[in-house]
Amino acid sequence: MNIVTLLPFIVLIGAMFLMTRSAKRKQQAAAQMRNDMQPGTGVRTIGGMYATVKEVNEETVLLDAGPGVELLFAKNSIGAVLGDDEYNRIVHGIEHDLKTDEAVVPDDASSLTETDEPSDDASAASDDKPIDLGKKDAADKPAGETEAAEVKAEEEPKKIDGESDAK
């Protein structure tokens, strides 16, 4: 046999070996994470439920999901063990990393555009004026057009359901 003929099989076997090895590492890391769980730590199940570990057994974990709600899960159903800061941020909305000494970014851009000096421009001073978008109201039309439209509407008989325009 020629080495060129065996080369694809050798590459295929090597790739399979590397894939199984990385999968085995991930499984071992997940098992180690589940074994390191302690009562009081926050976890996320594979179903997406957040809870606190109350008791750890050989194959099961007792979780406290809320006041008076205790759930028994298999250890394999724990998707992630969360740190205290991350668990409090997700479940309770508590941010520990906020520093009050830094400048706070405003919610709107109005404070970024305002100046300390009064403006001479009348349009900048008053934001209460309506903006002309080019539309004309009935009050803006000349008197002859408005009356003509009203007379035309009164002359046409109103249609009843089932009647058509055909004469």
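This structure is a prediction, so every number in the text was calculated from the model and none was measured.

1. Describing the overall build of the protein chain
- The secondary structure content of the protein chain amounts to 5 helices and 5 strands.
- Counting every position in the protein chain, which comprises 167 residues, the buried fraction comes to 10%.
- Long-range pairs, those at least 24 residues apart, make up 38% of the contacts in the protein chain with a sequence separation of at least 6.
- A total of about 14,600 Å² of accessible surface is found on the protein chain, and carbon and sulfur atoms cover 55% of it.

2. Considering the nonpolar core
- In this structure, M37, V43, A51, V53, V61, L63 and I78 together form the largest nonpolar core, which totals 7 residues.
- Of all the secondary structure elements, the ones that give two or more residues to this core are β2 (50-56) and β3 (60-66).

3. Overview of a nonpolar patch on the surface
- Taken together, the side chains of L6, F9 and I10 define a hydrophobic patch exposed on the protein surface, amounting to about 300 Å² of accessible area.
- Inspection of the secondary structure assignment puts F9 in helix α1 (residues 3-35).
- You can call F9 exposed: its relative accessible area is 53%.

4. Examining the side chain of T45
- By the element assignment, T45 lies in strand β1 (residues 42-45).
- On the basis of relative accessible area, T45 is assigned to the buried category, the value being 5%.
- If sequence neighbours within four positions are ignored, T45 has contacts with L63, F73, S77, I78 and G79.

5. A few points about the pairing of β3
- Strand direction decides the pairing type here: β2 and β3, joined by 4 bridges, are antiparallel. Following the sheet pairing, E55 is matched in β3 by L62.
- Relative to strand β4 (residues 69-74), β3 runs antiparallel, the two sharing 6 bridges. Each bridged residue has a counterpart across the sheet, and for T60 the counterpart in β4 is A74.
- What sits between β3 and β4 in their antiparallel hairpin is a turn of 2 residues, with G68 showing a positive phi close to 80°.

6. Concerning the sheet that holds β3
- Reading across the sheet, the 5 strands line up as β4-β3-β2-β1-β5 and stay open at both edges, with antiparallel pairing between neighbours. Here the strands that pair on one side only, and so sit at the sheet edges, are β4 and β5 (78-82). For this sheet, the mean angle separating the axes of adjacent strands, direction not counted, is 40°.
- In this structure, β1 lies alongside β5, joined through 4 bridges in antiparallel fashion. From the neighbouring strand, R44 faces β5, where its bridge partner is A80.
- Running at roughly 135° to β2, helix α2 (residues 84-92) makes contact with β1, β2 and β5 of the sheet.

7. Re the pairing of β2
- Strand direction decides the pairing type here: β1 and β2, joined by 3 bridges, are antiparallel. Bridge assignment links R44 to a residue of β2, and that residue is Y50.
- Hairpin connection, β1 to β2: the antiparallel pair is bridged by 4 residues, and G48 has positive phi, about 95°.
- Hairpin connection from β2 to β3: 3 residues lie between these consecutive antiparallel strands.

Cut-offs applied
- Residues numbered from 1 in each chain as written.
- Predicted model: local features only at pLDDT ≥ 70, side-chain atom pairs only at ≥ 80, totals over all residues.
- Heavy atoms only, no water.
- Helix = DSSP H or I, 4+ residues; strand = E, 2+ residues; numbered from the N terminus.
- Buried < 20%, exposed > 50% of the residue type's maximum accessible area, 1.4 Å probe, protein only.
- Contact = heavy atoms within 4.5 Å.
- Areas by Shrake-Rupley, 256 points an atom, 1.4 Å probe, with all protein chains shown as cover.
- Core = buried A, V, L, I, M, F, W, Y, C linked by side-chain atoms within 4.5 Å.
- Patch = residues over 30% accessible without salt bridge, like charges linked within 9 Å, V, L, I, M, F, W, Y side chains within 5 Å.
- Salt bridge = Lys/Arg side-chain N within 4 Å of Asp/Glu carboxyl O.
- Pairing = 2+ DSSP bridges.
- Axes fitted to C-alpha atoms, helices over the stretch in contact; angles between N-to-C directions.

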